[in-house]
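The primary structure of each chain is shown beneath.
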Amino acid sequence: MDLSSINPVVLIASLMVAATPILLAAIGELVVEKSGVLNLGVEGMMIVGAVSGFAIAVTTQNPYLGMLAAIVAGALVALIFAALTQLLMANQVASGLALTLFGLGFSALVGQNYVGIVPPRTPKLDFGPLTDLPVVGRIIFGHDILVYISLLIVAATWFWLNKTQGGRVLRAVGENHDSAHALGYKVTRVRILAIMFGGACAGLGGAYLSLVRVPSWTEGMTAGAGWIALALVVFASWRPWRVLAGAYLFGGIMVLQLNLQAAGFRIPVEYLSMSPYLITIVVLVIMSSSRGRRSMAAPGSLGRSFHAAG
Amino acid sequence: MMTTPLLSLQGLTKEYPGVVANSDVTFDIGEGEVHALLGENGAGKSTLVKMIYGLVRPNAGTMRWRGEAYEPHAPAQARASGVAMVFQHFSLFDAMDVAENVALGMDNPPPIRELAAKITEVSNNYGLPLDPDRMVGDLSAGERQRVEIIRCLLQDPQLLIMDEPTSVLTPQEVDILFRTLRQLRAEGKSILYISHKLEEIRALCENATVLRLGKVVGKADPRQESARSLAEMMVGQVLHQPSREAAAPGKTLLEVTNLSLPPQSAFGTSLKEINITVRAGEILGIGGVAGNGQDELLGALSGEMRSAREAVRMAGEPVGHIGPTARRALGLLCAPEERLGHAAAPDMSLSENALLTGAYRERLVKRGFVNWGKTRKFAERVIETFDVRTPGAHVAARALSGGNLQKFVIGREIMQRPSVLVVNQPTWGVDASAAAAIRQALLDLAAAGAAVVVISQDLDEILEVADSFAALNAGRLSAPRPVQGLTMDQIGLLLGGAEGDSDAAA
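Keep in mind that what you see is a predicted model, and the values were worked out from it rather than measured. (Residues numbered from 1 in each chain as written. Chains lettered and ligands numbered in written order. Predicted model: local features only at pLDDT ≥ 70, side-chain atom pairs only at ≥ 80, totals over all residues. Heavy atoms only, no water.)

Let's talk about the overall build of chain B
Secondary structure summary: chain B contains 16 helices and 23 strands in total. For chain B, whose C-alpha radius of gyration is 24 Å, the value lies close to the compact-globule estimate of 23 Å for 506 residues. Looking at chain B as a whole, 55% of its 506 residues are labelled buried. Contacts in chain B between residues far apart in sequence, at least 24 positions, make up 65% of those at least 6 positions apart. Accessible surface, chain B as shown: approximately 21400 Å² in total, 50% of it carbon and sulfur. Averaged over its 50 positive side-chain charges, chain B has a centre that lies 7 Å from the centre of its 60 negative ones. (Helix = DSSP H or I, 4+ residues; strand = E, 2+ residues; numbered from the N terminus. Rg over C-alpha atoms; globule rule 2.2 N^0.38 Å. Buried < 20%, exposed > 50% of the residue type's maximum accessible area, 1.4 Å probe, protein only. Contact = heavy atoms within 4.5 Å. Areas by Shrake-Rupley, 256 points an atom, 1.4 Å probe, with all protein chains shown as cover. Lys, Arg positive; Asp, Glu negative; His and termini not counted. Charge placed at Lys NZ, Arg CZ, Asp CG, Glu CD.)

Here is the structure:
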């Protein structure tokens, strides 16, 4: 094998691109889970975002309009889930799985006419001389705008959750919805908004896949990215910065797996593909065995339906 | 001319489908008055305060705040008027720190650093010291209540509503709370104090309104009444004091020696060198503030948690290593605290719940097949003997009121003729007459020759039924003392972890 053919600078730059879809989807799901809702439909929301973003971008020849459409489409699909689980009190796990299956089927239907088409190119930002710097230029200043936006969303989510009253209320709703209700907070409203934010982020992540990362439309193209995003939230123990670290780690594994193959490394690809899940399981085991801080653990009301009493 | 009351309720009525929670409730709360709201569970106290706090809107009637119309439709509006509420079941968030918990109860909280400084200041002023940076999940029940109270005080309320504030406190913590409440009254603030602990109300309140089945059935000055007359006003009938005949204790039935167990969950308590001896005909009362190992002790006795073989003995036979079903077969039965989910399966019928613990002792199962006819008869016998108010044995456990379900789960064990019965919080959330019936049943069981262990946070209950008292504190059990001659102060010290009469723990 020949590892010298792997260029670390290119590797880091491309892992950032590879990680952006799961980073976006995971940060959205983090907010959803922090509000106490478990939405297993991330994969479905991503792929609906991917196809609608692709379709609008091709039709208008503007990638940014496509991404906007993906945000709206993701939020709308999430709204179905919100209506089912928050208003009709349907089971969250079953509804989330149904959402994924629905999203996969629906996107295949809509995407039939878009197979084999090349979408408009999403330009990389040009920071002038900065982009030309060796190493740093390629890693930090050589990306399209979505990479920066995803980082911004992570920072903003962290700030909002931990430093503002709104974020505090959202965490309170997820921690103990009965207490939050007793204090007069609108549990259902907070959760519906969180679910829609999660859908919007997942949709944008999906569009990034079909417009930048791949870029083309094929049926089922998310290929488990939504599930990795879900695993990532647990892996990160519901903390935004750890989600970023985890996304880049998992993104790195994905890129590395391609590079290793190209380098003739004789390890079955499947081992690397399953590694994010294996790592997540290990983290889960470590978390549940360490009798540690309560703040490490999952939101207290995660996955529980809220019925207002009295 | 009369002064305008702070809050005046006129004919408040709230109906839910099929139930009238409050009907034509009228009373006034004056400025600087500590007003007691008395009533049994289900009398409509909670609904009434929810209306005052804006969580529930009345169907009819009016409220006036200092003479002005007052119609809160959200807690934020009630808070803006000057009403604050300390909840019965705490409205706190375990995974957040004290300052954040306080911020969540405020409408426009200042930045968290400023708030933390203010919490420290106010909490010291009122003699309720509190560290704003601690996680609420790590606090004791008394400290958690302080968080609630401080949260209210920071809003500078005129009316403080307290819903059963002392149910989880040690006697010493109750004293601290009362000192704070008297200080608030001296500052001219009014308090609406909800409780069914009559001695407290007599010590604290100058006016009382008694509710029964949603209606005002009496008003009194609690300082002029006896606890008994207040209780009878609340219940609407003459109360029977549980009674027992003194019996000579028999041979030792339950013996626990040096039982130590590690905590079962991240926030559980470990048991440390527990020693218990209970003889036939004896009732041992185990007191302690919630979270000091009560659940763990019950689990270790019931067999849900195994221990060393010799650590638990039942009539001399080692049973520490065997599970609940085998222990049941030997006559060691338990009724845990949590009615729904631990003592009974909420969505299963009463017959099915009777089967769950009675299967083998009552021979309801034969060669793996359930004898449903016999099971139903057993459930019906429990229902009849213990006066469980329900349409029948086919009703789901969830549908019963707390008191009725409690009578059922305790009755289910007693009807199986245990030789040792362990109960945790047998009358928690149960109204006075049902509680008296359950206590009488425990006394009768002991009189019939069983050994009984009553784990309870209600000290009055222990003093009423138990022969000896031991305190559970941080997983350690004090040496048992005869209940006769024990004073509340001594009990308080035992609960605080002081052994003997030393004044070191003052």
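Now that the structure has been shown, the text picks up again.
Some words on the overall build of chain A
Counting its regular elements, chain A contains 13 helices and zero strands. Going from the N terminus to the C terminus, chain A shows its helices and strands as α-α-α-α-α-α-α-α-α-α-α-α-α. Taken over C-alpha atoms, the radius of gyration comes to 20 Å for chain A, in line with the 19 Å a tight globule of 310 residues would show. Projected onto its principal axes, the C-alpha positions of chain A cover 65 × 50 × 40 Å.

Overview of unusual backbone geometry
Not every positive phi belongs to a glycine, and A:M89 is a case in point at roughly 60°. Considering the arrangement of structural elements, one finds A:M89 in the loop between helix 3 (63-87) and helix 4 (92-111).

Thoughts on the sheet that holds strand 14 (residues 312-314) of chain B
Residues and elements named next belong to chain B. Taken in spatial order, the four strands make up an open sheet running 12-11-14-15, and their pairing is antiparallel. Only two strands of the sheet have a single partner each, and these edge strands are strand 12 (271-279) and strand 15 (317-318). Bridge count for strand 11 (residues 252-261) against strand 14 is three bridges, and the pairing is antiparallel. Within strand 14, the residue paired with E255 across the bridge is R313. (Pairing = 2+ DSSP bridges.)

Some words on a nonpolar patch on the surface
Residues and elements named next belong to chain A. Residues V93, L97, W227, I267, Y271, M274, Y277, L278, I281 and V285 make up a contiguous nonpolar surface patch of roughly 860 Å² in combined accessible area. Contributing elements (two or more residues each) for the nonpolar patch: helix 4 and helix 13 (269-289). The element contributing the most residues to the nonpolar patch is helix 13, with six residues. Inspection of the secondary structure assignment puts L278 in helix 13. Here L278 falls in the partly exposed class, since its relative accessible area comes to 45%. (Patch = residues over 30% accessible without salt bridge, like charges linked within 9 Å, V, L, I, M, F, W, Y side chains within 5 Å. Salt bridge = Lys/Arg side-chain N within 4 Å of Asp/Glu carboxyl O.)

Here's the deal with the environment of B:R144
All names here are of chain B. For R144, the location among the structural elements is in helix 5 (residues 141-153). Of the residues examined, R144 reaches a relative accessible area of 16% and is grouped as buried. Between the alpha carbons of R144 and L198 there is a distance of 24 Å; along the sequence they are 54 residues apart. Side chain to side chain, R144 and D94 meet in a polar contact 3.2 Å long. (Polar contact = N/O pair within 3.5 Å; in protein donor to acceptor, adjacent residues only side chain to side chain.)

Details of the pattern of salt bridges
Residue and element names in this part refer to chain B. Here the structure, examined in full by the defined rule, presents 22 salt bridges over all chains. Notably, a salt bridge pairs R223 with D221, separated by 3.3 Å at the nearest N-O pair. The partner of E413 in a salt bridge is R328, and the shortest N-O contact between them spans 3.0 Å. With E413 in helix 13 (residues 402-414) and R328 in helix 10 (residues 324-330), the pair connects residues that are 85 residues apart, well separated along the chain. Residue E413 shares its accessibility class with R328, and that shared class is buried. Connected through shared salt-bridge partners, R439, D458, E461 and E464 make up one network.

Here's the deal with the environment of B:N353
Residue and element names in this part refer to chain B. Residue position: N353 is located in helix 11 (residues 350-358). Here the alpha-carbon distance between N353 and S195, two residues 158 residues apart in the chain, equals 32 Å. Apart from residues no more than four positions distant in its own chain, N353 is found in contact with A344, A345, M348, A397, F408 and R412. One polar contact links the side chain of N353 to the main-chain amide nitrogen of A345, over a distance of 2.7 Å.

Some thoughts on the pairing of strand 9 (residues 207-212) of chain B
Residue and element names in this part refer to chain B. Inspection of the sheet shows strand 3 (residues 34-38) paired to strand 9 by four bridges, in the parallel sense. Following the sheet pairing, H35 is matched in strand 9 by N207. As paired elements, strand 9 and strand 10 (residues 215-220) share five bridges and run antiparallel to each other. Following the sheet pairing, L211 is matched in strand 10 by V216. Where strand 9 hands over to strand 10, the hairpin turn is made up of two residues, of which L213 adopts a positive phi near 50°.

A look at the packing of helix 2 (residues 42-60) of chain A against helix 11 (residues 225-235) of chain A
All names here are of chain A. One can describe the packing of helix 2 onto helix 11 by two numbers: an axis separation of 7 Å at closest approach and a directional angle of 135°. Taken together, the axes of helix 2 and helix 11 are oblique relative to one another. Note on packing geometry: the crossing formed by helix 2 with helix 11 is right-handed. Mapping the contact onto sequence places V42, E43 and M46 in helix 2 and A225, G226, W227, A229 and L230 in helix 11. (Axes fitted to C-alpha atoms, helices over the stretch in contact; angles between N-to-C directions. Parallel < 35°, antiparallel > 145°, perpendicular 65-115°, else oblique. Left-handed = near helix turned anticlockwise from the far one by under 90°.)

Considerations on the nonpolar core
Membership of the largest hydrophobic core comes to 119 residues, with the highest contact counts inside it found for B:L48, B:I52, B:V83, B:L159, B:I161 and B:L192. Top element by residues in this core is helix 1 (residues 8-34) of chain A. It accounts for 16 residues. Counting residues in each nonpolar core, the second largest holds 51 residues, with B:L355, B:A397, B:A434 and B:I438 among its members. (Core = buried A, V, L, I, M, F, W, Y, C linked by side-chain atoms within 4.5 Å.)

Some remarks on the interface of chain B and chain A
Contact residues are listed per partner, giving 29 residues for chain B and 21 residues for chain A. Overall, the association of chain B and chain A removes approximately 2000 Å² of surface from exposure, summing both partners, and the carbon and sulfur fraction of that is 60%. The salt bridge partner of A:R171 is B:E100, with a shortest N-O separation of 2.4 Å. On inspection of chain B and its partner chain A, the count reaches six residue pairs in polar contact (both at pLDDT 80 or more). Per-element accounting of the side of chain B that touches chain A gives the leading share, three residues, to helix 3 (residues 98-104) of chain B. Split into classes, the residues belonging to the side of chain B that touches chain A amount to 20 nonpolar, four polar and five charged. (Buried area = accessible area lost by both parts, 1.4 Å probe. Nonpolar A, V, L, I, M, F, W, Y, C, P; charged D, E, K, R; others polar.)

A word on the packing of helix 1 of chain A against helix 11 of chain A
Residue and element names in this part refer to chain A. Two elements in contact, helix 1 and helix 11, have axes separated by 8 Å at closest approach and are oriented at 50°. One finds that helix 1 runs oblique with respect to helix 11. As helix 1 runs across helix 11, the sense of the crossing is right-handed. Taking contact as the criterion, the partners of I22, A25, A26, E29, L30 and E33 in helix 1 are, on helix 11, A225, I228, A229, L230, L232 and V233. Its residues assigned to classes, the contact of helix 1 with helix 11 comprises 10 nonpolar, no polar and two charged.

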